[in-house]
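Summary of structural features
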Amino acid sequence: MSNPRQRLIIKVFRKFSNSLGPDALQFLESILDEHGIAQEDVESSIELIAKEYNKEDDATMKVSLDVLRRVYDSLQDRGERTHVERELIDPENHLFFIDAYEMPRWVWSQERASIRDRLNIIKQCVLRNEHFAPSTLPSRDRERLVTLKSTKQLLGRAGERFLLLGMLAHNKEGKVCLEDADGRVDLDFSRLDEPGEGFFADGCYVLVEGEYTEEATLEIIAIGQPPCEPRDIGRSIYGHIDFLGKGSTSLLEDQKFSQRIQEELPDVHFFCFSDVWLDHRETLPGLQRIFDNCVENDFVPKVVIMCGSFTSKSIAHGNARDIQSYQDNFDALADLIASYPAMARSTHFVFVPGPLDITANSVLPYRPILSTLVTKLKARLPKAHFVSNPCRIKFFDQEIVIFREDLMSKMLRNIVGVKPEVKSEDLKRYLVQTILDQGHLCPLSLHIQPTLSDYDHTLRLYPLPTTLIIADKYDRFGLTYTGCHVFNPGKFVGKSLSWSAYKPAEANSEECTLELDTDE
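A brief look at the structure comes next. Not measured: the values here are computed from a predicted model.

Focus: the overall build of the protein chain
Of regular secondary structure, the protein chain possesses 13 helices and 17 strands. For the protein chain, the C-alpha radius of gyration of 26 Å lies close to 24 Å, the compact-globule estimate for 520 residues. With respect to the three principal axes, the spread of C-alpha positions in the protein chain is 80 × 75 × 40 Å. The buried share among the 520 residues of the protein chain stands at 53%. About 24400 Å² of surface is accessible on the protein chain, with carbon and sulfur atoms providing 48% of the total. One finds the centroid of the 61 positive side-chain charges in the protein chain at a distance of 3 Å from the centroid of its 81 negative side-chain charges.

Written out as structure tokens, the structure reads:
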């Protein structure tokens, strides 16, 4: 029977998806005994060792005693203290870039009352909401609770009013209907004066209230988005699950990381560009002006995110001249960045493909730009990352999701029922609200946006991320909804070049613009 200290050691390594054999466990205990580590410091001390172990190239899921000894000797040689609270914070040790095709796919069973698919995720969030959770109210107030019904409960109950949760779709006759796990019902929007806020598109999950009729349709009187669950609630429930494959952290650890970022890394910035058209004459001079300013002011960003498309026009399949020109433009970008040694050496450059870029597939999630076209960039930039679209960045406690997609136009084209008459600023808010309420980067039916079913989990936004970057050709914006900061950096095109600077210490972004001279 293992003692409490052994169970704690096993628990820490399990966070990193590692298992411990008896020899490795005994060795770790001997380290704790040798250094006189108190019980309250065991977790932080072992976590430091676990992190260093997983940085080794030959680290295996079942902890190797030889590798573990080497890691411990290295820590001793470097004179690092084993108490994590006194460890000097190094951003490089807490910065990860996650390709969609590397994210673990978690599957939960319905019997264990956990997540199984997108409908179950949304339904659980709805039922945890204060308007639906009976345990949070005194018995005299429970009559005011809203009760969800399913489509199978409508049969034989014409004239009654119901509240349903389901997905908007079209039946074989082309009529709008609502689908849930038990069936479907046709919808009648004739009595709906005005929908709730957000976009209601084919493929979105919605809450609808209406009266069931003799014609087996639901006359809608109200329609709204499901409530969005804040990140801290989702993390408190599923914090032990490593959704990104880079080691899970507790809420307490997240809070400590957040405080340390604010105190010790207030000047760390991520730059984000979108539509970096390398075939436009203004693009490279514009980047050069920005990089010059960074170096002159000793303001080198930690991460530079470049979203496509990296060409302004579609490249015909098999057109050798266009492909060569596309590759030459990347080579020119490599030469430009390499001319700034400080940035080329220390800055992480992240390249996210756009709609016109050459990738290995044409359905979500999009694979990285073909490696044969960016060999020079890879050779000259030691910290270049060619990732999928979408992709994610884990920085300490923060999860940053990056998605290059023209979502605004897609959502507006596929709205069903009543289309909202709103201003541009409201459209931006509606887009953000819809994406986060739906808990999915592209909540549209598969016939509108094909998606690889085995990788649909990489498009989900649950638990809610810290930050979402929607690189869209629509107007730039930045706003925070339910604690998640969402921004569109704008297009890096023309004489007025737009981009955004993200500041992790504040979990906020700043809009930046470079005005080029007309004669440049």
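Description of the layout of surface pockets
Its volume calculated, the largest pocket comes out at about 580 Å³. Those elements giving two or more residues to the lining of the largest pocket turn out to be α3 (42-55) and β1 (95-99). Of all the elements, α3 adds the most residues to the lining of the largest pocket, at four residues. Looking at the lining of the largest pocket residue by residue, the class counts come to nine nonpolar, eight polar and eight charged.

As for the sheet that holds strand β6 (residues 217-224)
Read around the closed barrel, the five strands follow the order β2-β3-β4-β6-β5; overall the barrel is mixed. On average, adjacent strands in this sheet sit at an angle of 55 degrees to one another, irrespective of strand direction. Relative to β6, strand β5 (residues 205-212) is paired through six bridges, and the arrangement is antiparallel. For Glu211, the partnering residue across the bridge sits in β6 and is Glu219. Where helix α5 (residues 118-128) meets the sheet, it contacts β2 (161-170) and β5, and its direction lies at approximately 150 degrees from that of β2.

Considerations on empty space enclosed by the protein
For the coordinates displayed, the defined rule picks out three cavities of 30 Å³ or more. Put simply, the largest cavity is a space of about 370 Å³. In this structure, the largest cavity is lined by 27 residues; those nearest its centre are Asp242, Phe243, Leu244, Glu399 and Pro463. For the lining of the largest cavity, the secondary-structure elements that each account for two or more residues are α6 (231-238), β11 (391-395) and β12 (398-404). In terms of residue class, the lining of the largest cavity is built from 11 nonpolar, six polar and 10 charged.

Some details on the packing of aromatic side chains
Two numbers describe a pair of aromatic rings. These are the distance of the centres and the angle of the planes. Taken as a whole and judged by the stated rule, the model has 19 aromatic pairs. Ring geometry for Phe27 against Tyr72: centres 6.0 Å apart, planes inclined by 85 degrees, an arrangement best described as edge-to-face. Residue Phe27 is located in helix α2 (residues 22-35), and its partner Tyr72 is located in helix α4 (residues 65-78); the two are separated by 45 residues in the primary sequence. Seen from their ring centres, Phe273 and Trp499 are 5.8 Å apart, and the 20 degrees between their planes marks the pair as stacked. Note that Phe273 is positioned in strand β7 (residues 270-273) and Trp499 in strand β16 (residues 496-503), a separation of 226 residues in sequence. Note on accessibility: Phe273 and Trp499 belong to one class, buried. Counting every residue linked through ring pairs, the aromatic cluster contains Phe257, Phe270, Phe395, Phe396, Phe487 and Tyr502. Here Arg367 stacks its cationic end above the ring of Tyr101, 3.7 Å away from the centre of that ring.

Let's talk about unusual backbone geometry
Cis geometry marks the peptide bond from Leu364 to Pro365, where omega comes out at -10 degrees. Inspection of the secondary structure puts Pro365 in the loop between β9 (348-352) and α11 (375-380). Each neighbour pair has its own omega, and for Tyr462 with Pro463 the value is -10 degrees, a cis peptide bond. Counting through the fold element by element, Pro463 comes out in the loop between α13 (424-438) and β13 (467-471). A positive phi angle is found at Ala216, which is not glycine, with a value near 60 degrees. By secondary structure assignment, the location of Ala216 is in the loop between β5 and β6. At Asp275, a position not held by glycine, the phi torsion is positive, near 55 degrees. Inspection of the secondary structure puts Asp275 in the loop between β7 and α8 (283-296).

Digging into the environment of Thr347
Along the chain, Thr347 falls in the loop between α10 (341-346) and β9. C-alpha of Thr347 to C-alpha of Val303: the two residues are 44 residues apart in sequence and 5.5 Å apart in space. Setting aside anything within four residues of it in sequence, one finds Thr347 in contact with Val300, Pro301, Lys302, Val303, Val304, Ala342 and Lys383. Among the polar contacts listed, one links the side chain of Thr347 to the backbone oxygen of Pro301, at a separation of 2.8 Å.

So, how was this worked out
- Residues numbered from 1 in each chain as written.
- Predicted model: local features only at pLDDT ≥ 70, side-chain atom pairs only at ≥ 80, totals over all residues.
- Heavy atoms only, no water.
- Helix = DSSP H or I, 4+ residues; strand = E, 2+ residues; numbered from the N terminus.
- Rg over C-alpha atoms; globule rule 2.2 N^0.38 Å.
- Buried < 20%, exposed > 50% of the residue type's maximum accessible area, 1.4 Å probe, protein only.
- Areas by Shrake-Rupley, 256 points an atom, 1.4 Å probe, with all protein chains shown as cover.
- Lys, Arg positive; Asp, Glu negative; His and termini not counted.
- Charge placed at Lys NZ, Arg CZ, Asp CG, Glu CD.
- 1 Å grid on protein atoms, 1.4 Å probe; cavity = no way out; pocket = protein on both sides within 12 Å on 5 of 7 lines; lining within 4 Å.
- Points joined across faces, edges and corners; volume = space filled by probe spheres on them.
- Nonpolar A, V, L, I, M, F, W, Y, C, P; charged D, E, K, R; others polar.
- Pairing = 2+ DSSP bridges.
- Axes fitted to C-alpha atoms, helices over the stretch in contact; angles between N-to-C directions.
- Contact = heavy atoms within 4.5 Å.
- Phe/Tyr/Trp six-rings, centres within 6.5 Å; stacked < 30°, edge-to-face > 60°.
- Lys NZ or Arg CZ within 6 Å of the ring centre and 35° of its normal.
- Polar contact = N/O pair within 3.5 Å; in protein donor to acceptor, adjacent residues only side chain to side chain.

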